[in-house]
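Architecture and fold: a report
Here is how the chains run, residue by residue.
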Amino acid sequence: MRLGRPVYSCSAGVRLPLLQPDALVTERVRAGLERAGVFAVYVNDAISEGIAPVEPISAELRDRAMRALDDTFTAVATQGAVTRIPGEQIERLGNVVKAILRELRSRREAVSSLMDLNAFDSHTLGHSLNVCILGLMIGDQSIRRHGWRDGRGEVRHGDVDDRLEKLGLGLLLHDIGKILIPSEILQKPGRLSDDEMEIVREHPKAGLDLIENGAFSSLSKVAVIGHHERLDGRGYPYGRADDLHPHAQIAGMADVYDAVSSMRVYQARRPTHEAWELVMSLAGTAFPIELVHVFKDTIAPYPEGVAVQLSDGRRGIVARVSRDHVTRPVVRVTHDPSGAPLTPHDLDLYEAQDVVIADTLQDLVGPSDPSPRAGDRSPDETHEQTLSTVLGATA
Ligand SMILES: [Fe+2]
């Protein structure tokens with residue numbers, strides 16, 4: 001196998017090329033990547049010909065955003081709790097948000113994969129950027145569909161970009177309060193004690209303190225203070241159930257989705273759609289149903305390039321995902337149910353309505369589905385386990 005795209009290592013927001021495109025992926029390289037925590041890469045082979053997964057934003061913009069984030073986080077970390085984020089830094093981040101919004105809107109294809117498979121980087125910065133991208137996609141779509149409510153509860157449709165830019169700034173900084181949590185707690189493997197959990201649960205308030213000066217809009221602040229609050233009152237720091245601002249709900253949804261999908265890629269090798277299904281299952285409890293509908297129509301559960309098994313047993317890889325029906329992609333069918341190769345051909349699941357994607361596969365050949373699925377455990381068990389991981393270990 002040869003690499004389809006470069007693999008970078010990231011440090012302090014700067015990407016250094018580790019492997020060039022077209023590099024041979026030998027067993028040794030594969031083992032080395034796994035040791036470094038990279039469990040998925042793009043490869044070029046006869047089957048993947050013409051399949052080019054779409055990144056939500058350009059590599060240049062991702063680098064620029066990561067550098068701006070790193071400078072902000074570093075400045076706050078070195079100056080401690082008394083610091084305030086300088087005005088020019090806020091302006092720089094605001095310009096990054098504007099650029100992200102522009103790029104997201106200029107892409108006609110569905111964005112299905114938020115993780116940057118080409119790079120592995122410090123978790124908080126990458127997570128902050130992913131949450132910003134995802135939250136802006138959901139926010140943009142949500143306002144387009146439902147408008148927004150002003151102080152008197154009336155639905156409005158104007159000032160969309162201004163609101164989204166403020167939302168985006170809050171999303172970029174939603175976890176900045178984590179800087180004040182001791183790293184031995186933040187990076188502790190395994191379960192946190194009650195006292196440690198108490199400290200972790202302070203990070204939205206700490207984040208709000210850090211951005212509490214006049215340069216931030218309340219439309220940004222609500223995303224920071226409210227990203228762990230839930231509709232059913234089971235969130236933190238206040239456990240508020242009502243009056244949750246939509247920006248807090250969008251931030252919370254994007255946060256859960258990215259935390260679970262990152263665990264999937266970097267640690268647990270979970271099936272790609274598990275994070276997507278988790279968000280679906282939280283409709284009406286953690287998140288409002290209409291917002292989950294927006295998520296469902298905006299984010300594709302099966303990214304391009306992922307190996308899948310169809311309900312009739314055939315296997316293939318997702319070739320294209322349309323923005324208009326993200327759950328019914330075109331699949332390049334490559335193997336029959338016994339694992340024997342077929343002449344590759346594209347099957348549009350939007351037209352072939354009697355076939356669905358049954359599962360994702362680690363490999364096109366070999367035993368069917370070696371990985372555990374969300375459906376293998378009881379829904380409650382899955383939610384509790386995943387949510388406690390999200391709320392606890394990754395905060
Ligand atoms: Fe958080």
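Note that the structure is predicted; figures quoted are calculated from it, not measured.

Some points on the confidence of the model for the chain
Overall, the prediction assigns the chain a mean pLDDT of 81, with 79% of residues at 70 or greater. Within the model, the stretch residues 115-121 combines pLDDT values under 50 with 32 contacts to residues more than four positions away or in other chains. Considering only residues more than four positions removed or in separate chains, one finds that residues 369-387, a stretch of pLDDT under 50, has 26 contacts.

Some words on helix H3 (residues 87-106)
In a regular helix each residue adds 1.5 Å, so 20 residues correspond to 28 Å; H3 covers 29 Å between its end C-alpha atoms and thus fits that length. Every buried residue of H3 is listed here: Gln89, Ile90, Leu93, Gly94, Val96, Val97, Ala99, Ile100, Leu101 and Leu104.

Quick look at the sheet that holds strand E8 (residues 307-310)
If you trace the five strands from one edge of the open sheet to the other, you get E11-E10-E9-E8-E12, paired in antiparallel fashion. With partners counted over all chains shown, the strands left at the sheet margins are strand E11 (341-348) and strand E12 (357-360), one partner each. Here the strands of the sheet are splayed against their neighbours by 35° on average, with no regard to which way each runs. Inspection of the sheet shows E8 paired to strand E9 (residues 315-320) by three bridges, in the antiparallel sense. Residue Gln309 lies in a different strand from E9, and its bridge partner there is Arg315.

Quick notes on the pattern of salt bridges
Tallied over the full model, the rule gives 14 salt bridges. Salt-bridge contacts for Lys296 lead to Asp297; the nearest nitrogen and oxygen are separated by 3.7 Å. Relative accessible area serves as the criterion here: at 31%, Lys296 is assigned to the partly exposed category. The class for Asp297 is partly exposed, based on a relative accessible area of 33%. The closest approach of N and O atoms between Asp346 and Arg332, which form a salt bridge, is 2.8 Å. A residue pair is termed long-range when its members are at least 10 positions apart, and Asp346 in strand E11 and Arg332 in strand E10 (residues 330-335) qualify at 14 residues. Using a relative accessible area of 36% as the deciding quantity, one classes Asp346 as partly exposed.

Some thoughts on the pairing of E11
Pairing geometry for E10 and E11, over five bridges, is antiparallel. If you follow Arg332 over to E11, its bridge partner there is Asp346. Between E10 and E11, which pair antiparallel one after the other, the connecting turn spans five residues, and Gly339 there sits at a positive phi close to 95°.

Focus on the pairing of E9
In terms of burial, E9 is a largely internal element, five of the six residues being buried. A loop of four residues connects E8 with E9, the two strands running antiparallel in sequence, and Gly313 in this loop sits at a positive phi of about 95°. Pairing of E9 with E10, which is carried by five bridges, proceeds in the antiparallel orientation. Counterpart to Arg320 in the pairing with E10 is Val330.

Brief notes about unusual backbone geometry
With an omega of 10°, the peptide bond between Tyr236 and Pro237 qualifies as cis. The residue Pro237 is located in the loop between helix H9 (218-226) and helix H10 (246-268) in this model. Look at Asp159: it is not a glycine, yet its phi comes out positive at around 55°. With respect to the element layout, Asp159 can be found in the loop between strand E7 (155-156) and helix H5 (160-172). Classification of Asp159 by relative accessible area gives partly exposed; the value is 48%.

Topic: the nonpolar core
Ranked by size, the top nonpolar core spans 61 residues in total, and within it Ile100, Leu129 and Phe295 carry the most contacts. Looking at which element gives the most residues to this core, the answer is helix H4 (residues 123-146), with ten residues. With residues near it in sequence (within four places) discarded, Phe295 still touches Leu134, Ile138, Met253, Tyr257, Trp276, Val279 and Met280. Listed in part, the 15 residues of the second largest apolar core include Tyr302, Val318, Val326 and Leu347.

Some points on the packing of aromatic side chains
One pass over the structure, following the stated rule, counts one aromatic pair. For the ring pair Tyr257 and Phe295, a centre distance of 5.3 Å and an interplane angle of 70° mean the geometry is edge-to-face. Here the residue Tyr257 occupies a position in helix H10, and Phe295 occupies one in helix H12 (residues 289-298), the gap between them amounting to 38 residues. Here Tyr257 matches Phe295 in class, with each residue buried. The aromatic ring of Trp148 is capped on one face by Arg163, whose charged end is 3.6 Å from the ring centroid.

The rules behind each value
Residues numbered from 1 in each chain as written. Predicted model: local features only at pLDDT ≥ 70, side-chain atom pairs only at ≥ 80, totals over all residues. Heavy atoms only, no water. pLDDT = per-residue confidence, 0-100. Contact = heavy atoms within 4.5 Å. Helix = DSSP H or I, 4+ residues; strand = E, 2+ residues; numbered from the N terminus. Expected span 1.5 Å × (residues − 1). Buried < 20%, exposed > 50% of the residue type's maximum accessible area, 1.4 Å probe, protein only. Pairing = 2+ DSSP bridges. Axes fitted to C-alpha atoms, helices over the stretch in contact; angles between N-to-C directions. Salt bridge = Lys/Arg side-chain N within 4 Å of Asp/Glu carboxyl O. Core = buried A, V, L, I, M, F, W, Y, C linked by side-chain atoms within 4.5 Å. Phe/Tyr/Trp six-rings, centres within 6.5 Å; stacked < 30°, edge-to-face > 60°. Lys NZ or Arg CZ within 6 Å of the ring centre and 35° of its normal.

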